[in-house]
Amino acid sequence: MTPGGTPGAPGVVVVTGVGRYLGAHVAARLAADPRIERVIGVDPTTPGPEFTDLLDRVERVRLDLGSLAGLLADLDVDAVVHLALVSAPDPQHGGRTAMKEQNVIGTMQLLAACQRAPRLRKLVVRSSTAAYGASFRDPAVFTEETEPREVPRGGFGRDILDIEGYVRGFRRRRPDVTATVLRFAPFIGSTADTTLTRYFSQPFVPTVFGRDPRLQFVHFDDALEVLHRSIAEDHPGTYNVAGPGVLSLSQAIRRAGRVAVPVLEPGLSGAAALARNLGFGRYGLDQVDLFVHGRVVDTSRLEQEYGFTPRSTAAAFDDFIRAHHGGVVLTRDTLAAAEQLVMESIRQVRSAVQERS
Amino acid sequence: MSRSDERPEGRYDVPLTVAGPDAQPARRNGHRRTTKAAAPAPAARDEPDTSATDEPVRAPATADGPDPADRHPDEVPGRDVPVGSGADEPEPVAAIDESPTGGSPEGPAVPDRAGDHWDRKVAAGLAFLRRRLAGEYEVDEFGFDPELTDAVFHPLLRRLYRDWFRTEVTGLEHVPVQGAGLVVGNHSGTVALDAMILSTALHDQHPGHRYLRLLGADLVFRMPVVSEIARKTGGTVACNPDAERLLGGGELVGVFPEGFKGIGKLYSDRYKLQRFGRGGFVSAALRTGTPIVPVAIVGGEEIYPMLADIKPLARLLKLPYFPVTPTFPWLGPLGMVPLPSKWLIEFCPPIPTAHLTDSADDPLVVFNLADQVRETIQHTLHKLLERRPDPFGP
């Protein structure tokens with residue numbers, strides 16, 4: 001799957017955040033690559049039981065990101081993949097404070113450790129298209145050069161801006177390290193479980209009244225592929241990773257056979273805050289902003305540099321629909337049947353009228 | 001949908017030559033002063049439209065599904081049977097045309113042909129509804145939804161364009177049939193109806209049936225509902241990255257550099273072009289080497305003649321202006337009905353920019369070009385106004 005015999009393939013790779021879905025899968029995939037000698041998974045907590053099978057070839061270390069420096073030096077680590085980001089506050093694990101602690105402080109500590117690791121050659125950081133913020137004056141399509149016009153309201157967006165700022169500083173201090181920043185569109189796929197997949201799994205989906213944002217997704221498997229190539233090959237720079245093409249939110253909801261429930265925007269922000277305080281639902285201002293403004297990125301730089309095109313947003317979403325057909329309110333078959341029914345009844349009425357006359 | 005579907009089949013054969021500079025008066029408008037080409041032009045314009053609606057003509061081409069539903073209802077079949085036998089209509093079609101209402105001898109086996117026609121319409125309408133409800137349509141990265149635009153927005157605008165404003169278009173040959181073009185117009189009318197009428201003109205009258213991708217102020221995209229209508233009909237925020245991306249993709253982009261200064265001016269300042277901003281549209285055209293097509297639009301100023309601007313109220317509502325017209329706000333919602341002025345649209349010869357690609361950042365070149373465009377539009381406006389002494393004339 002990746003071009004073989006690349007000289008860039010590192011010997012020892014550290015993956016952070018293996019206790020989570022993305023980290024576990026990336027670590028497992030790197031461990032399966034024969035070019036990579038050792039894969040060390042780092043996470044402050046023990047990975048959940050669902051990942052035990054996945055991680056059997058990965059050496060696991062229970063470690064805070066703050067005490068990573070010793071590990072990097074002792075094990076002669078060549079590459080670090082930083083995936084330990086929290087995209088939404090989890091009230092059971094400290095809420096927004098813990099999220100910021102992990103995202104911002106964790107990244108700072110990791111980069112500080114990387115800076116002092118003499119043999120480090122490669123750093124791959126997971127970022128997000130939330131780095132572009134959300135504003136009414138934004139261009140329709142973001143390229144990697146687009147600067148955010150306003151600091152995002154949502155916590156995750158602000159964290160992402162901070163993280164990218166630290167990586168820029170790291171690049172200046174360690175120009176010998178190949179640093180790759182991957183700005184991922186929201187993940188979707190048949191097995192991934194994210195805020196957005198939970199959102200689209202509900203039978204009735206709240207949307208913002210009068211807004212039909214343009215959305216892009218990246219299929220989880222394509223995200224894995226891009227992360228794998230970033231480690232096995234050399235791709236310095238910042239890249240948007242998203243499925244080409246666009247789905248509007250209403251279109252996505254209809255394709256999933258769900259029913260949209262438009263809510264006035266101030267009401268939605270309030271409801272999001274309330275739900276957060278009550279401890280259910282993990283929708284924050286990040287999601288509200290996404291559902292007001294939408295977010296579309298240009299992926300031509302990724303396609304050129306990696307020689308790889310992720311499957312389109314529509315195809316990725318189709319894969320998600322196929323895996324989540326429970327809770328569907330309105331299927332295509334129902335619609336087609338209704339169409340047939342109307343046509344048939346018209347025909348019958350007409351023939352009845354003709355017979356009478 | 002309808003138009004784009006028809007193009008490949010060649011049933012929409014407007015001869016390119018007929019779209020002459022001052023031909024093409026709108027349907028039954030009879031603008032008296034442009035006596036030239038009065039007779040052949042309307043025929044050429046009317047004919048394809050109705051031949052597509054006219055049921056017998058459609059009979060050989062029933063395969064193309066969704067068409068009939070989007071035909072719009074004011075086109076009575078048979079209304080222009082005499083026109084149908086015109087010169088550039090293919091012979092066999094004209095022959096079928098002879099018997100539009102009576103029992104057609106060579107028709108399909110089903111006896112009730114009128115009913116069939118409506119059947120197809122209903123079927124197509126249902127299919128359209130099903131596709132919409134199932135999400136089986138495409139939007140581009142700017143949010144443009146061609147199917148919805150063709151099926152809903154253009155038929156509505158066409159009524160306004162043809163029957164209410166009696167729009168006459170000239171100079172369509174200056175707009176490229178394919179490939180990128182930047183259409184730059186004067187802005188007027190308190191509500192930016194002129195942009196929509198311009199896009200209807202290009203989609204209906206231009207041989208390439210082009211979609212005009214409008215660049216709108218960010219205020220448009222700040223408003224719920226309005227922002228989504230703007231995106232679905234092909235609009236996007238007026239900024240250089242978007243303009244260059246659209247032009248780079250070979251689209252026809254429409255821009256009104258006056259912005260709110262243009263639409264929000266008082267009636268006493270009508271047809272006086274306002275300042276052209278920083279000329280960002282020129283640098284976008286220069287960077288992509290796109291020809292600039294200036295367009296003068298007469299008629300927009302009279303639809304909502306703005307007598308006064310209540311500035312404190314505008315500030316309160318965070319709007320660029322708060323208009324007072326003879327009907328608004330006095331008549332309430334009735335004041336929203338535009339006055340039926342007579343519209344003339346003239347496209348001017350394109351200004352090539354391909355040789356200036358390197359000077360996109362040269363302010364002197366940019367300002368000179370912007371000035372040239374501005375002068376051209378102002379000059380053409382005066383010319384058109386002479387042709388239309390009575391703003392509410394026929």
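What counts and what doesn't
Residues numbered from 1 in each chain as written. Chains lettered and ligands numbered in written order. Predicted model: local features only at pLDDT ≥ 70, side-chain atom pairs only at ≥ 80, totals over all residues. Contact = placed C-beta atoms within 7 Å. Helix = DSSP H or I, 4+ residues; strand = E, 2+ residues; numbered from the N terminus. Nonpolar A, V, L, I, M, F, W, Y, C, P; charged D, E, K, R; others polar. Expected span 1.5 Å × (residues − 1). Bend = angle between axes of the 7 residues up to and from the residue. Buried ≥ 20, exposed ≤ 12 C-beta atoms within 10 Å, placed from the backbone. Axes fitted to C-alpha atoms, helices over the stretch in contact; angles between N-to-C directions. Parallel < 35°, antiparallel > 145°, perpendicular 65-115°, else oblique. Left-handed = near helix turned anticlockwise from the far one by under 90°. Core = buried A, V, L, I, M, F, W, Y, C linked by C-beta atoms within 7 Å. Pairing = 2+ DSSP bridges. UniProt positions renumbered as here; feature names shortened; annotations may be inferred. pLDDT = per-residue confidence, 0-100.

**As for the interface of chain A and chain B**
- Across the boundary between the two partners, chain A contributes 26 residues, which contact 27 residues of chain B.
- Only α7 (249-255) and α12 (332-356) of chain A provide two or more residues apiece to the side of chain A that touches chain B.
- At nine residues, α12 of chain A tops the list of elements feeding residues into the side of chain A that touches chain B.
- A class-by-class count of the residues in the side of chain A that touches chain B yields 13 nonpolar, four polar and nine charged.

**Looking at helix α3 (residues 95-115) of chain A**
All names here are of chain A.
- Helix length check: α3 (21 residues) gives 30 Å between terminal C-alpha atoms against 30 Å at 1.5 Å per residue, within 8%.
- The axis of α3 is deflected most strongly, by about 30 degrees, at G106.
- Along α3, the residues that are buried comprise M99, N103, V104, G106, T107, L110, L111, A113 and C114.
- Looking at the buried positions of α3, the neighbouring elements they touch are β1 (12-16), α2 (68-74), β4 (79-82), β5 (122-128) and α4 (155-173).

**So, the packing of helix α1 (residues 21-31) of chain A against helix α6 (residues 220-232) of chain A**
Residues and elements named next belong to chain A.
- Where α1 contacts α6, the two axes come as close as 10 Å, and the packing angle between them is 50 degrees. Here α1 lies oblique to α6, going by the angle between them. For the element pair α1 and α6, the recorded crossing hand is right-handed. Side by side, α1 and α6 meet where H25, V26, R29 and L30 of the first sit next to L224, L227, H228 and I231 of the second.
- Along the lines of polarity and charge, the residues of the contact of α1 with α6 split into five nonpolar, two polar and one charged.

**Quick word on the nonpolar core**
- If you look at the biggest cluster of nonpolar residues, it comprises 158 residues, and the most contacted ones within it are V15, A27, V81, C114 and V241 of chain A together with L182 of chain B.
- The dominant element in this core, judged by the number of residues it contributes, is α1 of chain A, at eight residues.
- Among residues more than four places away in sequence, those in contact with A27 of chain A are V15, V18, V39, G41, L55 and V58 of chain A.

**A closer look at the sheet that holds strand β6 (residues 292-298) of chain B**
All names here are of chain B.
- Reading across from one edge, β1-β9-β6-β2-β5-β3-β4 is the order of the seven strands in this open sheet, with mixed pairing throughout. Each having just a single partner strand, β1 (168-170) and β4 (236-237) make up the two edges of the open sheet.
- Alignment of strand β3 (residues 212-216) against strand β5 (residues 252-255), held across three bridges, turns out to be parallel. The residue bridging R213 from the neighbouring strand is V253, located in β5.
- Its contacts with the sheet put helix α9 (residues 193-205) on β1, β2 (181-185), β3, β5, β6 and β9 (344-347), and the angle it makes with β3 is roughly 165 degrees.

**Thoughts on the UniProt feature "domain: Phospholipid/glycerol acyltransferase" (unreviewed entry) in chain B**
- Here the UniProt-annotated "domain: Phospholipid/glycerol acyltransferase" (unreviewed entry) positions come out as residues 181-300 of chain B.
- Each end of residues 181-300 of chain B is marked by a C-alpha atom, and these two atoms are 23 Å apart; helix forms 39% of the span and strand 19%.

**Some remarks on the UniProt feature "domain: NAD-dependent epimerase/dehydratase" (unreviewed entry) in chain A**
- Feature annotation in UniProt assigns "domain: NAD-dependent epimerase/dehydratase" (unreviewed entry) to the following positions: residues 13-242 of chain A.
- Across residues 13-242 of chain A one finds 34% helix and 21% strand; the C-alpha atoms that close the span lie 25 Å apart.

**Here we look at the sheet that holds β1 of chain A**
Residue and element names in this part refer to chain A.
- With parallel pairing, the seven strands of this open sheet are ordered in space as β3-β2-β1-β4-β5-β6-β11. With one partner strand each, in any of the chains shown, β3 (59-62) and β11 (237-241) form the two edges of the open sheet. Within this sheet the neighbouring strands show an average axis-to-axis angle of 20 degrees, counted without direction.
- Two strands pair when backbone bridges link them, and strand β2 (residues 38-43) and β3 are joined in this way by four bridges, in the parallel orientation.

**Topic: the confidence of the model for chain B**
Residue and element names in this part refer to chain B.
- Per-residue pLDDT for chain B has a mean of 77; in total, 71% of the residues score no lower than 70.
- The low-confidence segment residues 1-112 (pLDDT under 50) makes 153 contacts with residues lying over four places distant or belonging to another chain.
- Interface confidence in the predicted complex, given as ipTM, is 0.87; pTM for the same model is 0.79.

**A short note on the confidence of the model for chain A**
- A residue-level look at chain A finds 93% of positions with pLDDT of 70 or above and a mean pLDDT of 87.
- Low pLDDT, under 50, characterises residues 1-6 of chain A; the predicted model gives this stretch seven contacts beyond four residues in sequence or across chains.

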